[in-house]
Amino acid sequence: MSRERKIAETFVELADTLVAEFDVIDFLHQLTVRCRDIFAVADVAVLLAYPGPQLYSPAPCDPSPALSKVLELALTGGPGLDAYRTSAAVSPGNLAHAHEHVGWQDFTPLAREAGYTYASAVPLRLREETIGSLLLLRATDSPLPADDFALAQAFADAATIGLLHARSVRHSETLNEQLSTALHSRVTIEQAKGFFAAQRNVSLDDAFTTMRRHARHHRLLLTDVARHVVGTGGLPEPPSASSPRCPAEDASNE
């Protein structure tokens, strides 16, 4: 698939928040998947302060070992927090010189230790409202190109519009509940992934892919699938046999 087609499909996915089975956790995870693929960055994380004032990270659902090391500090310092607080993009910075940035003192050495070389972030914003940021981490000898950085901001803008639009046209309590439990949901998904991988003797990546594909195909929330795996050891039965997703559609969205 060409890069241009991937970009076009990403914008379509980010606009598709009005379906009845909208799963905000999977939506945000897919944003990180697309960014890693299109921008060739090492890792991407969504940092949210919605609802509530404190930043937390609901996605990706399956952070790499390197990203897991820096996520907690990314919530309290570094480019992700700066982008959220200022509602402005934080240009790719060389972590070898990032000690010059106020508030990056704790984030920078751990990020370098994890193997990252450049860090940047764009806000999740719509006009005067900023609900978080998108953290982009690179592990190469060059920063994220300017055109890719601008495209990352466009993805972040589209994701914010999708989330806030979904909030305005559906019961806000439902979306708020999904968002407010997003961090706990990621922990549950991590537990389910490990349990499923051990039980089926597959890799952690394959376990997560199987759970996510099952959720998408049967129009289930990824969090509900994870809870069922933890509680019963198996994948849940679909709620009904009607209107399954097309397997080809699922494969294109992995």
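Residues numbered from 1 in each chain as written. Predicted model: local features only at pLDDT ≥ 70, side-chain atom pairs only at ≥ 80, totals over all residues. Heavy atoms only, no water.

Peer 1: How should the side chain of Lys193 be read in this particular structure?
Peer 2: Looking at where Lys193 falls in the secondary structure, it is placed in helix H8 (residues 182-200). Looking at Lys193, the relative accessible area reads 6%, which means it is buried. (Helix = DSSP H or I, 4+ residues; strand = E, 2+ residues; numbered from the N terminus. Buried < 20%, exposed > 50% of the residue type's maximum accessible area, 1.4 Å probe, protein only.)

Peer 1: Sorry, what's going on with the packing of helix H9 (residues 204-217) against helix H10 (residues 222-232) here?
Peer 2: Packed helix pairs are characterised by how far apart their axes lie and by the angle those axes make with each other. Closest axis-to-axis distance for the H9/H10 pair is 9 Å, and the angle between their directions is 125°. By the criterion of interaxial angle, the relationship of H9 to H10 is oblique. The two elements H9 and H10 cross, and the hand of that crossing is right-handed. Across from Phe208, Met211, Arg212, His214 and Ala215 in H9, the residues of H10 making contact are Leu222, Val225 and Val229. (Axes fitted to C-alpha atoms, helices over the stretch in contact; angles between N-to-C directions. Parallel < 35°, antiparallel > 145°, perpendicular 65-115°, else oblique. Left-handed = near helix turned anticlockwise from the far one by under 90°. Contact = heavy atoms within 4.5 Å.)

Peer 1: When you look at the packing of aromatic side chains in this model, what are you seeing that I'm missing?
Peer 2: What characterises a pair of aromatic rings is the spacing of the ring centres plus the angle enclosed by the ring planes. Per the stated rule, a full pass over the model turns up three aromatic pairs. Pairing Phe11 with Phe155 gives two aromatic rings, centres 5.0 Å apart and planes at 65°, and the pair type is edge-to-face. A residue pair is termed long-range when its members are at least 10 positions apart, and Phe11 in helix H1 (residues 3-15) and Phe155 in helix H6 (residues 146-169) qualify at 144 residues. Considering the side-chain rings of Phe39 and Phe155, the 5.7 Å spacing of their centres and the 35° angle between planes classify their relative orientation as tilted. Here Phe155 lies in helix H6 and Phe39 lies in helix H2 (residues 24-39), a separation of 116 residues in the sequence. For the pair Phe39 and Phe155, one class covers both residues: buried. Members of the aromatic cluster, connected to one another through ring pairs, are Phe11, Phe39 and Phe155. (Phe/Tyr/Trp six-rings, centres within 6.5 Å; stacked < 30°, edge-to-face > 60°.)

Peer 1: What is the right way to look at H2 in this model?
Peer 2: Since the α-helix advances by 3.6 residues per turn, residues separated by three or four positions end up pointing in the same direction. Compared with an ideal rise of 1.5 Å per residue, which puts 16 residues at 22 Å, H2 spans 22 Å between its outermost C-alpha atoms and is within 8% of the ideal. Counting buried residues along H2, 14 of its 16 residues qualify, which places the element largely inside the surrounding structure. A distance of 3.1 Å separates the backbone nitrogen of Ile25 from a side-chain oxygen at the start of H2, and that oxygen is part of Asp23. Remark: Ala40 follows H2 within two positions and exhibits a positive phi of approximately 55°. (Expected span 1.5 Å × (residues − 1). Polar contact = N/O pair within 3.5 Å; in protein donor to acceptor, adjacent residues only side chain to side chain.)

Peer 1: I'm lost on the nonpolar core in this one. Help?
Peer 2: Generally speaking, soluble globular proteins have nonpolar side chains that are buried together. In this structure, Leu28, Leu31, Phe39, Val46, Leu134 and Phe155 are the most contacted members of the largest nonpolar core, which totals 47 residues. With 10 residues, the top contributor of residues to this core is H6. Not counting chain neighbours up to four residues away, the residues in contact with Leu28 comprise Val46, Leu48, Pro58, Ala59 and Leu163. The next biggest cluster of nonpolar side chains, apart from the first, holds 24 residues, and it includes Ala74, Tyr84, Leu95 and Leu137. (Core = buried A, V, L, I, M, F, W, Y, C linked by side-chain atoms within 4.5 Å.)

Peer 1: How should I be thinking about the sheet that holds strand S2 (residues 56-59) in this particular structure?
Peer 2: Sheet strands pair via backbone hydrogen bonds, and the direction of the pair is either parallel or antiparallel. Strand order across the open sheet formed by five strands is S2-S1-S5-S4-S3, with antiparallel pairing between neighbours. The open sheet is flanked by S2 and strand S3 (90-94), the only strands paired with a single partner. Strand after strand, the sheet turns through a mean of 25° between neighbouring axes, direction not considered. Judged from the six bridges that link them, strand S1 (residues 43-48) and strand S5 (residues 129-138) form a sheet pairing that is antiparallel. In the sheet register, Val46 faces S5, and the bridge partner there is Leu134. On top of the sheet, H2 reaches S1, S2 and S5; it is set at about 145° to S1, its chief contact. The strands that helix H3 (residues 65-74) touches are S1, S2 and S5; relative to S1, the one it contacts most, it runs at about 30°. (Pairing = 2+ DSSP bridges.)

Peer 1: It is not clear to me how H10 should be interpreted in this structure. Could you clarify?
Peer 2: Turning to H10, its buried residues number three or more, namely Leu222, Thr223, Val225, Ala226 and Val229. Buried residues of H10, seen end-on, are gathered within an arc of 160° and therefore sit on one face of the element. Residues of H10 that are exposed and angled more than 90 degrees away from the buried face: Gly231 and Thr232. Directly beyond the C-terminal end of H10, a positive phi value near 90° is found at Gly233. (Arc of directions from axis to C-beta.)

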